[in-house]
Protein chains: 4
Amino acid sequence: MAGNSFGQLFRITTFGESHGEAIGVIIDGCPAGLDVDLDYIQGELDKRKPGQSKITTQRKESDIVKILSGVFEGKTTGTPIAMIIPNEDQRSKDYGHNVDVFRPSHADYTYATKYGIRDHRGGGRSSARETAARVAAGALAKLLLKTQGIEILAHVSSVGTINAPNVFIESAEEFLEVREQNIVRCADPATAEEMIEFIDSIRKQGDTVGGKVSCYIKDCPVGLGDPVFDKLHADLGKAMLSINAVHGFEFGSGFSGSEMRGSEHNDIFIKNADGSIGTRTNFSGGIQGGISNGMPIEFKVAFKPVATIMQSQQTIDGEGNAAEISGKGRHDPCVVPRAVPIVEAMAALVLADHWLRNRNSKL
Amino acid sequence: MAGNSFGQLFRITTFGESHGEAIGVIIDGCPAGLDVDLDYIQGELDKRKPGQSKITTQRKESDIVKILSGVFEGKTTGTPIAMIIPNEDQRSKDYGHNVDVFRPSHADYTYATKYGIRDHRGGGRSSARETAARVAAGALAKLLLKTQGIEILAHVSSVGTINAPNVFIESAEEFLEVREQNIVRCADPATAEEMIEFIDSIRKQGDTVGGKVSCYIKDCPVGLGDPVFDKLHADLGKAMLSINAVHGFEFGSGFSGSEMRGSEHNDIFIKNADGSIGTRTNFSGGIQGGISNGMPIEFKVAFKPVATIMQSQQTIDGEGNAAEISGKGRHDPCVVPRAVPIVEAMAALVLADHWLRNRNSKL
Amino acid sequence: MAGNSFGQLFRITTFGESHGEAIGVIIDGCPAGLDVDLDYIQGELDKRKPGQSKITTQRKESDIVKILSGVFEGKTTGTPIAMIIPNEDQRSKDYGHNVDVFRPSHADYTYATKYGIRDHRGGGRSSARETAARVAAGALAKLLLKTQGIEILAHVSSVGTINAPNVFIESAEEFLEVREQNIVRCADPATAEEMIEFIDSIRKQGDTVGGKVSCYIKDCPVGLGDPVFDKLHADLGKAMLSINAVHGFEFGSGFSGSEMRGSEHNDIFIKNADGSIGTRTNFSGGIQGGISNGMPIEFKVAFKPVATIMQSQQTIDGEGNAAEISGKGRHDPCVVPRAVPIVEAMAALVLADHWLRNRNSKL
Amino acid sequence: MAGNSFGQLFRITTFGESHGEAIGVIIDGCPAGLDVDLDYIQGELDKRKPGQSKITTQRKESDIVKILSGVFEGKTTGTPIAMIIPNEDQRSKDYGHNVDVFRPSHADYTYATKYGIRDHRGGGRSSARETAARVAAGALAKLLLKTQGIEILAHVSSVGTINAPNVFIESAEEFLEVREQNIVRCADPATAEEMIEFIDSIRKQGDTVGGKVSCYIKDCPVGLGDPVFDKLHADLGKAMLSINAVHGFEFGSGFSGSEMRGSEHNDIFIKNADGSIGTRTNFSGGIQGGISNGMPIEFKVAFKPVATIMQSQQTIDGEGNAAEISGKGRHDPCVVPRAVPIVEAMAALVLADHWLRNRNSKL
């Protein structure tokens, strides 16, 4: 109720602050009998962890996940699965100089006002460190979805004004292999080079830049999503907008769809060679009436530039007096490369939840 | 759980099909002691109802709302408030010819597959008629918010590629007066003329067109929104994306923020003349860390073109055979003028919920 | 959240006051494809309605239920099912004399203090009239359970100090036939006579008396109930305790189990002739570790005497001044005969919910 | 949803198996600004821990709780509070001999059937070890309630057929002092002696015995509890029934109330000397219409005898073959002395939740 749980049937509850003892998550509702591949879960976390390349923060956290409950002899038992990630590199002193001032476009001011108390160390609960717990839980959701053949695939589709061309996804393996060959996680190698160079130049200026992540869900069966409020894209939208720094979400034709006519936008139904039903175009983004229609699900997420910059900025302190702030600490010049596994994790949590929910749609 | 409830503390549950007996809503959690202005609620419904102008569907429904419970001597009692809107103009025969075919970009195919049964009359539950119940409930939420001085204000900011300039809102009354002076509900009179003319031409072609609604929340106190999953903008996003035909949501800098640098995007804190704290710019859209910061909340919602067009289209039937469909019935050439009160209603439901939730943020 | 919803997957939300326009319920989460037998639902309501015999209140309400949504061509569609029961015999004037005083052991004082406002007509929302909505929803739950062979069977097992012997249930039909042959709804005809005579004498004294309802659930499969908080008996207990006038709940050995030794209380597992597994005794009441074990589920519900008596009583008024109150209106001398269908309805709602939940216990 | 969460606004989610790495709990929704007394929390756990006296299991667990998040400089911050209790004395081998057989009146058979997999070590999730997490969370709830002057007080009121007389509670301190002076936790010293002797004799026979815990809530304000389904006593009932081994719950007059007449059972309102409103008797147990009325809240909880006995018993194995089982390991001859803090913890969780909920009952 206080906002730290997500999902209805595949339900997670997360905890932890940036510089506390540990962060973690409880997953309640995962069916019994799922094989738990801990290496896979750790691998997903490794894609999110800091310090992995020259275009991410140089802060180091090994982010080793440990399962405390709910798994017995390698399988889920139907009981809650607790996962914990200890915090390591807690250089609180990097943040000591900002105790009394509100960092621009951070959550310092709103937390202090809402709660009357604020754990200022590294942003406390408002730090994006919290998303590691989502990635761990999302990895388990992915393992569940894989048993149904559903694959969640995201990549960086833009950095600043540099946009990647649309990608065509033949196989999940190939997509991931290409994407992981570059540090910006763009599935188009040529654009990736351009993006990396641009982020590096931004970093050298002590500045940051925004970007977009595109996500595709492959081989989703027809029927996932619950009208009227829990439409599949509404839950995906909430999931994405709950990620730090996200300012926009669109699916299918998205914002550009608002400029189109019905006669061009309507997706004509066709019967495929194998007897299945599809549509000629996919402006619906794989979702009609809030329910998956068997076509690829496609959506895009817009991230604002990271607020912490290595430049001096004016601000105010807790008493409302003018103050100056200069970025210290170690931060990301662009958040999207590390956001890719987070977007995938949140999408997986939504899909796993709706897959379970859909099992009760018919008698 | 099955998707027909929205909100946690100010919680609504809706019911009803397009051509059933009635639609309606139960509001649970409205505090006792709120004055219920039934004329105001009916007035909000009148803005959504069909048949109100030449650019909306010519279908006629008087949409008279009736309160069945929860109000005593003009005040809420703390018990559930049920509101019902009987269905009137149920020309099911207009839809009879489409019983066996799946209308392109409608929910026919997904409902039929998910549930194994489909109320085909006018789209059944998937019809936008369902949003009338949201508007009735949202009107009550607005009355609650007005006791706190919070105003929700939306208008049509684009139709197809016609975009209104940004509006400056001095007073809620003035904004609403200007907006209601034109049938497209755009707060910029000059652009409104252009939009109306365009929609009328689209209508004559038997086609439809998309558009965007912009929403502003005025005088929202600091502190609304619950990290980490129930960030205020995440709940607003889900609310908007749950409205029929919505394909995108952005707040503050939105998608364009993904192209900006941190040094230009950061909103510098300032102390206002009255001692309150604000920010120089508002790229954060009034929300930081998922919590309202006292600045105006600003977001934008993209609607795809209405799927029902008065042109012949190819499709398939329930057996997967090729079929042809021709639009009959009476539909909107552009949904956004009637979507304005729906966007406001959903925003009000989110704000009322988070206002109640925030009362427990501190001891 | 405000307490007017019950269940997680088979979820009901009720509304309505004793003397308002109508009472009703929305059921969300009933799977599509269930045959809806409206006569059966009405029949269940008829067992609860007032004025059915000399030992119930003489107030008359026909309690005709109407389905507004969610059912198409006789089957559920997977969308919310709204049911409404208009209020008829609203003799508010019977209650006018009690506007300003707090009736002893009623909810007048607590409602007035909690909400600051009170619909005094017939107790408003606190009236047991609200349970009609539960019976309607419970009847649908029973129809769902019948598709799985599960039968819910309750009867009056005590009135005051008159106790019926334990009944042996061979078939549901037979049990119900015997039970419905007497107006007190006791499955033991001899005890029924005694109970009826006693209630009648109590009624003539203008007094009331309490009693107990025993409930059996036949042919429940193994596996229903979710540890640790949503144990099957915990949810049954909450369901029963939420019924007006209930003061106690026990299952299996119940309170007497607290006096027993482990060596006598343990239910020894046996293999039945048909290969199924059962237990020699059933002190566990069909539930072990919060999960049904395939044995008959057995529980008992204690009802206090009705608070409205036809005798003069001292009390205080809204200003705290001494006052006197004399019962008028038409009330039940003993609530248990009409409580039988309510107990069954609430049990059915719990079982339907857990039957749906259990479908996701395994991959 | 899968049953491991409890509460709406003060909401806990627990995890952990008897012989896993650790057990723990996340509390979401505790308001910011509460002083956290870790010694108090540990002290509550110490009352529940095994090995504390000759009449409890001789198993040793130090049960040291650690707070991982949500507390900063000794105060709650409004973010989720994670508490963890590592498992120590995990003598799995004590249980190894029972891997393939279903222990009578345990949850082995139901878990194995429901989930298709079972962590047999010490009962896994079905072990009462899980309640330690409840006690830790409940201790925090008690600290919250103490800021409002509300005290939760329980004691052992019966063991087998030995019943303590009713206690009169003048002060919380005194009650607790008397209760903690004997190892059976009965507030009547004379009866305590008798109980201890009886339990000790039962233990020597390798048998177990049931008992009852009575609970009083002192100085609860008027207004807690939400009609109609979340009546205060309904939530208390569910809370108690969710505790391992509980078979019955009653409040106020309870089961004996079902034998009374309205004229004797009605609690007459009176004005106290200090101007407050009370009732002459308290058959309502401090709750009317599901809402606290300011009188002491009183309820009673019945525990069955512990299922593990040190005697040989017949049973069946996983293949349905006859088997024999003999109790090994170290178990409690009577569960009620260690159940007292669990009953108090669950009561505190319900009260804290409803105290928060009630803050929104009025505008």
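Residues numbered from 1 in each chain as written. Chains lettered and ligands numbered in written order. Predicted model: local features only at pLDDT ≥ 70, side-chain atom pairs only at ≥ 80, totals over all residues. Heavy atoms only, no water.

## Topic: the overall build of chain A
Under the convention used in this document: Helix and strand labels come from DSSP, where a helix needs a run of H or I of at least four residues and a strand needs a run of E of at least two; each type is numbered from the N terminus. For a compact globule the rule gives 2.2 Å times the number of residues to the power 0.38, and the radius of gyration it is set against comes from C-alpha atoms. Residue exposure (1.4 Å probe, protein chains only): buried if accessible area is under 20% of the type maximum, exposed if over 50%, otherwise partly exposed. Contacts between residues were defined by any pair of non-hydrogen atoms, one from each residue, lying within 4.5 Å.
Along its length, chain A carries 10 helices and 18 strands. Taken over C-alpha atoms, the radius of gyration comes to 21 Å for chain A, in line with the 21 Å a tight globule of 363 residues would show. Considering only C-alpha atoms, chain A reaches an extent of 65 × 50 × 40 Å along its principal axes. Counting the 363 residues in chain A, one finds 69% classified as buried. In chain A, the share of contacts with a sequence separation of at least 24, taken over all contacts with a separation of at least 6, comes to 70%.

## Things to note about the interface of chain B and chain A
Many analyses report the size of an interface as the accessible area lost when the parts associate. Stated precisely, the cut-off is as follows: Note on definitions: buried area is the accessible-area loss of two parts on being combined, 1.4 Å probe, summed for both. When a carboxyl oxygen of Asp or Glu lies within 4 Å of a side-chain nitrogen of Lys or Arg, that pair is called a salt bridge. We define a polar contact as two N or O atoms separated by no more than 3.5 Å, with the added condition that, inside protein, one atom must be a possible hydrogen donor and the other a possible acceptor, whereas residues neighbouring each other in sequence contribute only through side-chain atom pairs.
Taken residue by residue, the interface counts 106 residues in chain B and 105 residues in chain A. With both chains or domains summed, chain B and chain A bury close to 8,500 Å², and 59% of this area falls on carbon and sulfur atoms. Here chain B and chain A share six salt bridges between them. Two residues, Lys-114 of chain A and Asp-226 of chain B, come together in a salt bridge whose shortest N-O distance is 3.4 Å. Seen at the junction of chain B and chain A, the total is 51 residue pairs in polar contact (both at pLDDT 80 or more).

## Some words on unusual backbone geometry
Of note, the amide linkage connecting Pro-227 of chain B to Val-228 of chain B takes the cis form, showing an omega dihedral of 5°. Along the polypeptide, Val-228 of chain B turns up in the loop between β10 (211-218) and α7 (232-241). In the Ramachandran plot, Arg-185 of chain D falls in the positive-phi region, its phi being about 60° despite a non-glycine side chain. Accessibility expressed as a relative area gives 6% for Arg-185 of chain D, which makes it buried. Positive phi values are uncommon outside glycine, yet Asp-219 of chain D reaches one of about 60°. The residue Asp-219 of chain D is located in the loop between β10 (211-218) and α7 (232-241) in this model.

## Re the interface of chain A and chain D
So the rule is basically this: The residue classification treats Ala, Val, Leu, Ile, Met, Phe, Trp, Tyr, Cys and Pro as nonpolar and Asp, Glu, Lys and Arg as charged. All others, Gly included, are polar.
Listed per partner, the contact involves 40 residues of chain A and 40 residues of chain D. Summed over both partners, the interface of chain A with chain D comes to about 3,200 Å²; 67% of that surface belongs to carbon and sulfur atoms. Taken together, chain A and chain D are joined by two salt bridges. Counting the contacts that link chain A with chain D gives eight residue pairs in polar contact (both at pLDDT 80 or more). Residue contributions to the side of chain A that touches chain D peak at four residues, all from strand β2 (residues 11-15) of chain A. Here the side of chain A that touches chain D is built from residues that sort into 15 nonpolar, 15 polar and 10 charged.

## As for the nonpolar core
Basically, it comes down to this: Residue types Ala, Val, Leu, Ile, Met, Phe, Trp, Tyr and Cys, when buried and joined through side-chain atoms within 4.5 Å, form a set referred to as a nonpolar core.
Grouped together as the largest cluster of nonpolar side chains are 327 residues, with contacts concentrated most on Phe-299 of chain A, Phe-299 of chain B, Phe-299 of chain C together with Phe-299 of chain D. Other than its neighbours up to four places away in sequence, Phe-299 of chain B contacts Val-213, Ser-214, Cys-215, Ile-217, Leu-236, Met-240, Phe-249, Glu-250, Phe-251, Val-343 and Ala-347 of chain B.

## As for the side chain of Glu-61 of chain B
Residue placement: Glu-61 of chain B occurs in the loop between α1 (38-48) and β4 (66-67). At 3.2 Å, the side chain of Glu-61 of chain B and the backbone nitrogen of Glu-88 of chain B are in polar contact.

## Examining the packing of aromatic side chains
Note the threshold: Pairing of aromatic rings covers Phe, Tyr and Trp, the last through its six-membered ring, and needs centres within 6.5 Å; plane angles under 30 degrees mean stacked, over 60 mean edge-to-face, and all others mean tilted.
For the structure on display, the rule yields 30 aromatic pairs over all chains. Taking the centre distance of 6.4 Å and the plane angle of 75° together, the rings of Phe-175 of chain A and Tyr-216 of chain A count as edge-to-face. Of the two residues, Phe-175 of chain A sits in helix α5 (residues 172-179) while Tyr-216 of chain A sits in strand β10 (residues 211-218), which places them 41 residues apart along the sequence. Each of the two residues, Phe-175 of chain A as well as Tyr-216 of chain A, counts as buried. Between Tyr-111 of chain B and Tyr-115 of chain B, the ring centres sit 5.6 Å apart and the planes meet at 55°, which makes this aromatic pair tilted. Of this pair, Tyr-111 of chain B and Tyr-115 of chain B are both found in helix α3 (residues 108-115), four residues apart, which corresponds to roughly one turn of the helix.

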